[in-house]
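For reference, the chains in residue letters:
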Amino acid sequence: MKEELDNTKEAALSEIKNARTKDELENVRIKYLGRKGEMAGIISRIPSMPQEEKPTMGRLANEIKQLLIEEIAKKKNEIIQLKVPPAERMDLTMPGYSFQIGHIHPITRALNEICEIFTRMGFAVVEGPEIETEYNNFEALNIPLEHPSRDIFDTFYIRDNLLLRSHTSPVQIRYMKKHSPPFAIVVPGKVFRPDAVDASHSFMFHQVEGLMIAEGISFAHLKGVLLDFGRQLFGEEIRLRFRPHFFPFTEPSAEVDVSCIICKGKGCRVCSQKGWLEILGAGMVDPAVFKAVNLTDEKFTGFAFGMGVERIAMLKYGINDIRLFFENDVRFLEQF
Ligand code: PHE
């Protein structure tokens, strides 16, 4: 019986192979696999075989049946494909549909990078509202009514002592009112000033504020943190320069420059031949600010800083006009 099975298998395979049409193939199927077909005939004789041969023959017959079913299915597909005119057959080499994927906006990218560096140093990322009270934006930060930045030409006022925040420093006030030291935070966000728009000014831009308050914090900690930050952002070889400055909410205060990342300090067009680029303002938190938030324990001291994100992104990515960030030109944004 084994020989009979093998012969039937070979014959069936060759007839499957030679079938040209679906009908021919169907006839082959009926001949071998049909209810009265050759396989059924052989299988019907198995029960009368010697007991010890039954299992082997049963298994072999089933294997062959299975093989024939698969081969017929394959052949059927082949025949269907052949019926399609060559030009319409599926072309597996054809490129797929392309679809556009979005890009991270360069400002978001710079913001993320800045916040990541400070997060690694242990700072928490905190946010505050873009609409602020005059008190948080100015008064509590020791900016008196007669200060020029409070002029209606320098701040977007809304009504009832509300305004669009002109810097991220009011979040210092919000945070210190709710939390007791020690803490270290960075505050990314949008700020607004009614500046005439040009290559380096926009009525809306982004800042990252920093604030660290704890026992024994000194100007040395401020310098250490900012130098480490500058190196991670711009490269190990950069130097920082602290120039004395005045901010109502810090004392002493400084403007901080980084050695020009283009010419490394020799002087070039980007740094206007100065060799230095101003990147942020900083200083030790002024006692008047501590008083405004009722932080009376004198053992606590701290520093604050604020940086402009557009300026940093322009330097880092070689962008020469701030307006490019906000025009939503896809050709520009696609480069990031
Ligand atoms: N708020 C300041 C500005 O917008 C920057 C600053 C923040 C300076 C914190 C010192 C400390 O110019």
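Here the structure is a predicted model, which means the values were calculated and not measured. (Residues numbered from 1 in each chain as written. Predicted model: local features only at pLDDT ≥ 70, side-chain atom pairs only at ≥ 80, totals over all residues. Heavy atoms only, no water.)

1. Focus on the overall build of the chain
Across its full length, the chain holds eleven helices and nine strands. Its C-alpha radius of gyration of 39 Å places the chain more than 25% over the 20 Å reference for a compact globule of 336 residues. In terms of principal-axis extent, the alpha carbons of the chain reach across some 110 × 50 × 50 Å. Look at the contacts in the chain between residues 6 or more apart in sequence, and 66% of them connect residues 24 or more apart. Accessible surface, the chain: about 19600 Å² in total, of which carbon and sulfur atoms supply 54%. Within the chain, the 47 negative side-chain charges are centred at a point lying 6 Å from the centre of the 43 positive side-chain charges. (Helix = DSSP H or I, 4+ residues; strand = E, 2+ residues; numbered from the N terminus. Rg over C-alpha atoms; globule rule 2.2 N^0.38 Å. Contact = heavy atoms within 4.5 Å. Areas by Shrake-Rupley, 256 points an atom, 1.4 Å probe, with all protein chains shown as cover. Lys, Arg positive; Asp, Glu negative; His and termini not counted. Charge placed at Lys NZ, Arg CZ, Asp CG, Glu CD.)

2. Points about the environment of V186
Within the secondary structure, V186 is located in strand β4 (residues 183-192). A relative accessible area of 0% places V186 in the buried class. (Buried < 20%, exposed > 50% of the residue type's maximum accessible area, 1.4 Å probe, protein only.)

3. A few points about the domain arrangement of the chain
Domain assignment breaks the chain into domain 1 (2-88) and domain 2 (106-333). Distance between the C-alpha centres of domain 1 and domain 2: 80 Å. (Domains from an automatic or database assignment.)

4. Side note on the packing of helix α1 (residues 2-18) against helix α4 (residues 54-83)
The angle between the axes and the distance between the axes are what describe a pair of packed helices. Interaxial distance between α1 and α4 falls to 10 Å at its minimum, and their mutual angle equals 0 degrees. On the basis of their axis angle, the class for α1 and α4 is roughly parallel. Here K2, L5, K9, A12, L13, I16 and K17 of α1 come into contact with α4, specifically with M57, L60, A61, I64, L67, L68, E71, I72 and K75. In terms of residue class, the contact of α1 with α4 is made up of eleven nonpolar, no polar and five charged. (Axes fitted to C-alpha atoms, helices over the stretch in contact; angles between N-to-C directions. Parallel < 35°, antiparallel > 145°, perpendicular 65-115°, else oblique. Nonpolar A, V, L, I, M, F, W, Y, C, P; charged D, E, K, R; others polar.)

5. Quick word on the layout of surface pockets
Taken as a whole, the largest pocket encloses approximately 1500 Å³ of empty space. Every element with two or more residues in the lining of the largest pocket is listed here: β5 (204-215), β6 (240-247), β7 (250-259), β8 (276-285), β9 (300-308) and α10 (309-317). If you tally residues by element for the lining of the largest pocket, the top one is β8, at six residues. In terms of residue class, the lining of the largest pocket is built from 22 nonpolar, 18 polar and nine charged. The computed volume of the second largest pocket comes to approximately 180 Å³. Around the second largest pocket, the lining residues are M284, V285, P287, F290, L295, T296, D297, E298, F300, T301 and G302. Elements with a minimum of two residues in the lining of the second largest pocket: β8, α9 (287-292) and β9. Element by element, the count of residues in the lining of the second largest pocket is highest for β9, at three residues. Taken together, the residues of the lining of the second largest pocket break down into six nonpolar, three polar and two charged. (1 Å grid on protein atoms, 1.4 Å probe; cavity = no way out; pocket = protein on both sides within 12 Å on 5 of 7 lines; lining within 4 Å. Points joined across faces, edges and corners; volume = space filled by probe spheres on them.)

6. Observations concerning the sheet that holds β4
The strand order across the open sheet built from seven strands is β1-β4-β5-β9-β8-β7-β6, with neighbouring strands paired in mixed fashion. Taken across any chain shown, the strands that pair with only one partner, and hence form the sheet edges, are β1 (124-125) and β6. The pairing of β5 with β9 spans nine bridges and is classified as antiparallel. Among the inter-strand pairings, V208 is bridged to a residue of β9, identified as M307. On the sheet, helix α5 (residues 106-120) packs against β1, β4, β5 and β9 and is oriented at approximately 5 degrees with respect to β5. (Pairing = 2+ DSSP bridges.)

7. Comments concerning the pairing of β6
Both faces of the sheet carry side chains from a regular strand, because those side chains alternate between them. Relative to β7, β6 is paired through seven bridges, and the arrangement is antiparallel. The residue bridging H245 from the neighbouring strand is S253, located in β7. As consecutive antiparallel partners, β6 and β7 are separated by two residues.

8. Describing helix α7 (residues 170-178)
By the burial criterion, the buried members of α7 are P170, V171, Q172, I173, Y175 and M176. Looking at the buried positions of α7, the neighbouring elements they touch are β2 (131-133), α6 (134-137), β4, β5, α9 and β9.

9. Examining the packing of aromatic side chains
Each aromatic ring pair is summarised here by two numbers: the centre-to-centre distance and the angle between the ring planes. Scanning all chains against the criterion turns up eleven aromatic pairs. Between the aromatic rings of F118 and F229, the centroid separation amounts to 4.6 Å while the plane-to-plane angle is 20 degrees, which identifies the pairing as stacked. In this pair, F118 sits in helix α5 while F229 sits in helix α8 (residues 219-234), placing the two residues 111 residues apart along the sequence. The exposure class assigned to F229 is buried, which follows from its relative accessible area of 1%. Judged by centre distance (6.2 Å) and plane angle (70 degrees), the ring pair of F325 and F332 falls under edge-to-face. Accessibility classification places F325 together with F332 in one group, the buried group. The aromatic ring of F242 is capped on one face by K223, whose charged end is 5.4 Å from the ring centroid. (Phe/Tyr/Trp six-rings, centres within 6.5 Å; stacked < 30°, edge-to-face > 60°. Lys NZ or Arg CZ within 6 Å of the ring centre and 35° of its normal.)

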